[in-house]
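What follows is the residue order along each chain.
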Amino acid sequence: MESPLRLGNSKISGTGVFATKVISTGEFICLMNGKEVSLKEVGELEIIGTQREGDALQIDVDSYLIIEEIYRCVNHSCSPNAFIRGKNELIALRSIANGEEITFDYSTTMWEDATQIKKLFNEDIWTMNCSCKSDECRKEIKQFYELPEKIQEKYLRLNAVPDFILKLKGLSQCLEVIHQKAKFQ
Ligand SMILES: [Zn+2]
């Protein structure tokens, strides 16, 4: 596989994914490849124990990718250096040094409905404690819509969320406003 990545010991959690070259802001890093499944199927996989909870990458309201092992090792950070664009492209949010751990904010790819989760699996919606150690650490990883408005706006402004989040957030209108503003500046 031709990608600028290697696995290594993470200071954040367990095994992490590290850059093997300098990656510039906005540069494509890799596709987070995997098998596409529904929410129900994710739940079933978790129940039979082949899938650790939270390892599925959400790509739409009822679509997930059971991502390949190396991509599962990309850790979360509340102050990430990468993000997911489109469906499953991992892109550099800022310049990444050779040898630096690559992270994205898991909340930017999470938009689940608590009622639906309860109905399907009789479980509470997934959250995870965070110990990313960044100054901006929120301590708990939650759904995108649960993020403080300011953080949601920051990610939207940077265009650093996948398509389905844009869709759900009604970005078309936001973009129009941003473009209008830009025109008059
Ligand atoms: Zn954190």
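The coordinates are above.
Residues numbered from 1 in each chain as written. Predicted model: local features only at pLDDT ≥ 70, side-chain atom pairs only at ≥ 80, totals over all residues.

Draft legend 1. How the structure looks around the environment of glutamate 101. With respect to the secondary-structure elements, glutamate 101 resides in the loop between strand S9 (89-92) and strand S10 (103-104). Residue glutamate 101 is classed as buried on the basis of its C-beta count, with 20 C-beta atoms lying within 10 Å. Note: C-alpha distance between glutamate 101 and serine 10 (91 residues apart in sequence) is 7.3 Å. (Helix = DSSP H or I, 4+ residues; strand = E, 2+ residues; numbered from the N terminus. Buried ≥ 20, exposed ≤ 12 C-beta atoms within 10 Å, placed from the backbone.)

Draft legend 2. Region of interest: the sheet that holds strand S6 (residues 63-67). Across the sheet, three strands lie side by side as S4-S6-S5; this open sheet has antiparallel pairing. Every other strand in the sheet has two partners, leaving strand S4 (34-37) and strand S5 (56-60) as the edge strands with one partner each. Geometrically, the sheet is characterised by an average inter-axis angle of 30° between neighbouring strands, direction not taken into account. Examined bridge by bridge, S5 and S6 share four bridges and lie antiparallel to one another. (Pairing = 2+ DSSP bridges. Axes fitted to C-alpha atoms, helices over the stretch in contact; angles between N-to-C directions.)

Draft legend 3. Examining the sheet that holds strand S8 (residues 82-85) more closely. Ordered in space as S3-S9-S8, the three strands form an open sheet in which the pairing is antiparallel. Sheet topology places strand S3 (28-31) and S8 at the edges, where each strand pairs with a single neighbour. Neighbour-to-neighbour, the strand axes of this sheet turn through a mean angle of 30°, independent of strand direction. Bridge count between S8 and S9: four bridges; the pairing is antiparallel. Each bridged residue has a counterpart across the sheet, and for phenylalanine 83 the counterpart in S9 is isoleucine 91.

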